[in-house]
Amino acid sequence: MTGPPPDLRTPHTAGEASAPERLDRGSLLAVLGLLAVTATWGSTFFLIKDLVVRVPVPDFLAVRFAVAAAVLALVAWKPVRRLSPPTRRRGIALGAVYGFAQILQTEGLAHTSASVSGFVTGMYVVITPLLAGVLLRQRIGRAAWLAVCLATVGLAVLALRGFAFGYGETLTLLSAALYALHIVGVGAWTSRRDALGLSVVQLAVIAVVCGVAALPGGIAVPDRTGDWASLLYMALVAGAFALVTQTWAQAHVTATRAAVIMCMEPVWAAGFAVAIGGELATVRMVAGGGLILAAMYTAELAPARSQRARSTTTPC
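Residues numbered from 1 in each chain as written. Predicted model: local features only at pLDDT ≥ 70, side-chain atom pairs only at ≥ 80, totals over all residues. Heavy atoms only, no water.

S.K.: Mind showing me how you'd approach the side chain of Thr298 here?
M.R.: Relative to the helices and strands, Thr298 is located in helix H14 (residues 283-313). Judged by relative accessible area, which is 13%, Thr298 ranks as buried. A polar side-chain atom of Thr298 sits 2.8 Å from the main-chain carbonyl oxygen of Ala294. (Helix = DSSP H or I, 4+ residues; strand = E, 2+ residues; numbered from the N terminus. Buried < 20%, exposed > 50% of the residue type's maximum accessible area, 1.4 Å probe, protein only. Polar contact = N/O pair within 3.5 Å; in protein donor to acceptor, adjacent residues only side chain to side chain.)

Here it is, written out as structure tokens:
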């Protein structure tokens, strides 16, 4: 990544909505899309916790992403063929980054608690604006940094029950850095036209990376109908749908805004744990979730303020 992507929005012509109106609609849909993505991710925590008791984690990841890639390729092969060679190479790079992040996060989880893993993984919200500033030379405003701080504190309140930094936390922090790099890369390299094809390429590479990690012990598959139902949901909804939506949405919002919005994942996870998993709502859940919601609101205020300022200073 050598610089920010060119502006891919079409110029305003007579009879079309104005640029700010088009930007508002696209940005709103992108935010709603990312919220839907985090909801699907959050809904998988209790499913994964149950499934990996019977299916090894690398095997589960390999099968999950292989199914997601195969199904999406069947319905979206033409968009893949339309991708230019440079865009395909970018998709391969993004898929490799995401695949290695999955492996590092999973291996780290084996050496630390789930709550600490959730917090350290969520540190991509801090790393993303740093990478965006260095790699894309993006200026991160005060409101965005405030949102990052609120989200980080919210994650800590929601997840942490004591903290000691060791081998598992180190691997998890490396995975968070790779997730942040993936968010920045998707934001820099994605256009609305290429989002679907780019997602197929990423999923295929993720499946290959996870498959290689699972090969030494052989790849086991579920032997229960219920386990296959859970795996298919995570492959198609929390895998294929989520990655396509994230890739498309990041053509409309900055990497930092996307990272803050995606911090809603643990909030959704807590909500599903209470609603479906039978857990009790706690003060920590409410306080941490409230701080993350405040962070998302703050992140959304910044572009709205900026747009209002441009509209009031635009000459007639």
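S.K.: Hey, could you run me through the confidence of the model for the protein chain in this one?
M.R.: Interpretation of this model should avoid reading the predicted coordinates in detail wherever pLDDT is low. For the protein chain, per-residue confidence averages 81 on the pLDDT scale, and 85% of positions sit at 70 or higher. In this model, residues 1-23 is a region of pLDDT below 50 whose contacts with residues beyond four sequence positions or in other chains number 32 contacts. Scored below 50 in pLDDT, residues 310-316 makes 1 contact in the model with residues more than four places away or belonging to other chains. (pLDDT = per-residue confidence, 0-100. Contact = heavy atoms within 4.5 Å.)

S.K.: I'm lost on a positive patch on the surface in this one. Help?
M.R.: A contiguous patch of positive charge on the surface is contributed by Lys78, Arg81, Arg82 and Arg88. In terms of residue count, the dominant contributor to the positive patch is helix H4 (residues 77-82) (3 residues). Among the residues examined, Arg81 registers a relative accessible area of 59% and is labelled exposed. (Patch = residues over 30% accessible without salt bridge, like charges linked within 9 Å, V, L, I, M, F, W, Y side chains within 5 Å. Areas by Shrake-Rupley, 256 points an atom, 1.4 Å probe, with all protein chains shown as cover. Salt bridge = Lys/Arg side-chain N within 4 Å of Asp/Glu carboxyl O. Lys, Arg positive; Asp, Glu negative; His and termini not counted. Charge placed at Lys NZ, Arg CZ, Asp CG, Glu CD.)

S.K.: It is not clear to me how the packing of aromatic side chains should be interpreted in this structure. Could you clarify?
M.R.: Each pair of aromatic rings is reported with the distance of its centres and the angle of its planes. Scanning the entire structure with this criterion turns up 3 aromatic pairs. Residues Tyr98 and Tyr179 carry aromatic rings whose centres are separated by 5.5 Å and whose planes lie at 70 degrees to one another, so their mutual orientation is edge-to-face. Residue Tyr98 is found in helix H5 (residues 85-109), and its partner Tyr179 is found in helix H9 (residues 167-189); the two are separated by 81 residues along the sequence. By relative accessible area, which is 8% here, Tyr179 ends up buried. With a centroid separation of 6.4 Å and 35 degrees between ring planes, the pair formed by Trp268 and Phe272 is classed as tilted. Of this pair, Trp268 and Phe272 both sit in helix H13 (residues 265-275), 4 residues apart, roughly one helical turn. On the accessibility criterion, Phe272 (22% relative accessible area) is partly exposed. What links up through ring pairs into an aromatic cluster is the set Phe65, Tyr98 and Tyr179. (Phe/Tyr/Trp six-rings, centres within 6.5 Å; stacked < 30°, edge-to-face > 60°.)

S.K.: Sorry, what's going on with a nonpolar patch on the surface here?
M.R.: A contiguous nonpolar patch, built from Val71, Val208, Val212, Leu215, Ile219, Val221, Trp228, Leu232 and Leu236 and spanning about 750 Å² of accessible area, is present on the exposed surface. Elements with a minimum of two residues in the nonpolar patch: helix H10 (195-214) and helix H11 (225-249). Residue contributions to the nonpolar patch peak at 3 residues, all from H11. Here Leu236 is to be found in helix H11.

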